[in-house]
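# Analysis of the macromolecular model
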Amino acid sequence: MTLQQQIRRNRLKSGIVIFGFVLLLGVVAGLIGAALDLRLGIVALVGAGLYAIFAMISSRAMVARMTHAVELDPDQLRPLRRLVENVSIAAGLPTTPEVRIVDDPSPNAFAAGLRPGTSYLGVTTGLLRVMPKRELEAVLGHEISHVRNRDTYLMTMATIFAGVIALIADIGFRMLLYGGGRSRRGGGALVAVLAVVGLLLAPYAALLLRMSLSRRREFLADAGSAELLNDAEAMALALRRLQLDTTTIAYADASVAHLWVESPTSRVETERRGVLALSSLFDTHPPLEARIAALEESGGFRLPEQLPSDEPFAAEVGLA
Amino acid sequence: MIWLWIILGGLALLILLFGLGYNRLVRLRNEADTGWSNIDVQLQRRTDLIPNLVETVRGYAAHERGVFEEVTKARTALQQASTPGAAGEANDMLTAALGRLFAVAEAYPDLKASENFLRLQDELTDTEDKISAARRYYNSTVMHYNNGIQSLPWVLVARPLGFQEKEYFSAEGDTALPQVSFTPAT
């Protein structure tokens, strides 16, 4: 499969997932409406909409706070900024996203922001200290691809959707259990049982959708980086280097886990089988091994056993 | 009567499809034009930096006329290039000429230590990186656009509708590193 095909396939799949989201939201609101009161269902939908808008407006600042990303002295970051500029020119972005630094020894990076114009990249100090320039550029390419493909937009929306569904399902469930008795209409028993089951499962379904969306996008962004830099091997090398690293982000917040280049919390090293395979449905990222294999297949190369021992970027440009 | 409706419906569908396809071609063309203006900005920046560089080097190595002339000639060719293909060629010529200029500069320790020279050299390296990044984007947009107008049914009507094929900026990927031949000062 070529990179182009992979990108097209991933786009189609995420379209399906988004459709699933909207459907789920409709089902939850419908269940509330059917089991309790039609007006409550409408109120739930409108409330969900308002909450989503508020979350969208404040998402940019929220992400910065949750990831502990700070802006730095422009002079200090100049070489890094240049790299970001070059990659965003190659991606044809109208503006270069700004760069923020997360002071953390674990190598990782993320992209945030709803539109390309207001997006920014977060890079840990660990990433600069571990990656040589070529691989750092590949990681930046991965993040820029997220921005270009509107992944950051999609993922922010997905996070908000999942949160909204969990919230209204929770409220609906409580009302049904403790206060809903009198407003139940005829033939209510079956509807009520269905509603309880549906409302109980809805948040998990939303979470599942959110995770699978994130995992698709990771493959897409890897492919995007390889295409932007015309260097699939650099991306694979960078992923291998991340795989060898065993540190995790200190301030890893589960609600922004999907933004990072690799999962900042748990480690997904191998494919799990049997019952354990089910638990992988909740991972934010596909296993690094699977991502490397996808790059090797599309780029037609094999990673060497030994990683190149090039000088890390931070040392090369004299960053502390 | 029913046949009339079927024909009319078919026509409407055809017009709709045609409109959608046409909009796609326009979007592809606009993307390629934006891609080109990205390159143009960087080429402009590069040509703006050169007179300054030449003056700086001349201050230390006034007798290296051959190299200066070569750089100036390449710069003029780049400014006068009217098509992406010609600009690509002129740009490669300029890269080669600058390579020689920097090789010459190696022989002048004072020049190499000059703050101004180092800054210009750094700026030019950055511009070259950006040109090659912009080239990757432009060439990919041109590829998509050309594929679009060369495939059916657009290949039949692309020219009458004003869609011309676009030239790549330098046909074969990134240019190889310039052959830096050290010309000792005589």
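Each chain has its residues counted from 1, following the order in which its sequence is written. Note on labels: chains are lettered from A, ligands numbered from 1, in written order. Totals for whole chains, interfaces and linings use every residue, but because this is a predicted model, local features are given only for residues with pLDDT of at least 70 and side-chain atom pairs only at 80 or more, for both listing and counting.

## Some points on the overall build of chain A
Check the secondary structure of chain A and you find 11 helices and 4 strands. For chain A, buried positions account for 47% of its 320 residues. We call two residues in contact when their backbone-placed C-beta atoms lie within 7 Å. Restricting the contact set of chain A to residue pairs at least 6 apart, pairs at least 24 apart contribute 74%. Strands are runs of DSSP state E lasting at least 2 residues, helices are runs of H or I lasting at least 4, and numbering of each runs from the N terminus. To assign burial, the other C-beta atoms lying within 10 Å of each residue's own C-beta are counted, with C-beta atoms placed from the backbone; 20 or more indicates buried, 12 or fewer indicates exposed, and intermediate counts indicate partly exposed.

## A word on the interface of chain B and chain A
As a measure of interface size, the accessible area lost when the parts come together is often cited. On the chain A side, the residues contacting the 10 residues of chain B number 8 residues. At the level of elements, α1 (2-60) and α5 (115-150) of chain B are the ones that each hand at least two residues to the side of chain B that touches chain A. Across the side of chain B that touches chain A, the residue classes tally to 3 nonpolar, 3 polar and 4 charged. Only Asp, Glu, Lys and Arg are considered charged in this grouping, and only Ala, Val, Leu, Ile, Met, Phe, Trp, Tyr, Cys and Pro are considered nonpolar; every other residue, Gly among them, is considered polar.

## A look at the nonpolar core
V28, V139, F161, I165, M235 and A238 of chain A are the most contacted members of the largest nonpolar core, which has 114 residues in total. With 13 residues, the single largest contributor to this core is helix α7 (residues 188-229) of chain A. In plain words, the nonpolar core is the set of buried Ala, Val, Leu, Ile, Met, Phe, Trp, Tyr and Cys residues that C-beta atoms within 7 Å link up.

## Focus: the pairing of strand β2 (residues 98-102) of chain A
All names here are of chain A. For β2, the buried fraction is high: 4 of the 5 residues fall into the buried class. In terms of strand pairing, strand β1 (residues 69-70) meets β2 through 2 bridges, oriented antiparallel. The partner of V70 across the bridge, within β2, is I101. At least two bridges found by DSSP between two strands is the condition for calling them paired. When β2 meets strand β4 (residues 120-124), the two strands line up parallel, connected through 5 bridges. Within β4, the residue paired with I101 across the bridge is V123.

## Here's the deal with the sheet that holds strand β3 (residues 109-112) of chain A
All names here are of chain A. Read from one edge of the open sheet, 4 strands run β1-β2-β4-β3, paired in mixed fashion. The open sheet has two edge strands with one neighbour each: β1 and β3. Where helix α2 (residues 38-67) meets the sheet, it contacts β1, β2, β3 and β4, and its direction lies at approximately 160° from that of β3. Between N-to-C directions, angles span 0 to 180 degrees; the directions come from axes that are lines fitted to C-alpha atoms, helices contributing only their stretch in contact.

## Here's the deal with the packing of helix α5 (residues 133-148) of chain A against helix α8 (residues 232-244) of chain A
Residue and element names in this part refer to chain A. Their axes nearest at 8 Å, the elements α5 and α8 cross at an angle of 95°. Judged by the angle between their axes, α5 and α8 are roughly perpendicular. On α8, the residues that touch R134, E135, E137, A138, V139 and H142 of α5 are A234, M235, L237, A238 and R241. Class assignment of the residues belonging to the contact of α5 with α8 gives a composition of 6 nonpolar, 1 polar and 4 charged. The cut-offs work like this: below 35 degrees is roughly parallel, past 145 is roughly antiparallel, 65 to 115 is roughly perpendicular, and the gaps in between are oblique.

## Here's the deal with the packing of α1 of chain B against helix α3 (residues 84-105) of chain B
All names here are of chain B. Running from N to C, α1 and α3 point in directions that differ by 30°, and their axes come no closer than 12 Å. Taken together, the axes of α1 and α3 lie roughly parallel to each other. As α1 packs across α3, the resulting crossing turns out to be left-handed. Judged by residue contacts, W36, L43 and V57 of α1 engage P84, A87, N91, L101 and A105 from α3. Two helices cross in a left-handed way if the nearer one is turned anticlockwise from the farther one by less than a right angle. They cross in a right-handed way if the turn is clockwise.

## Details of the environment of M93 of chain B
Residues and elements named next belong to chain B. Residue placement: M93 occurs in helix α3. The partly exposed category is assigned to M93, around which 18 C-beta atoms lie within 10 Å. Distance in space between the C-alpha atoms of M93 and L78 is 8.8 Å, their sequence separation being 15 residues. Sequence-distant contacts of M93, that is, excluding residues within four places in its chain, are made with A74 and A77.

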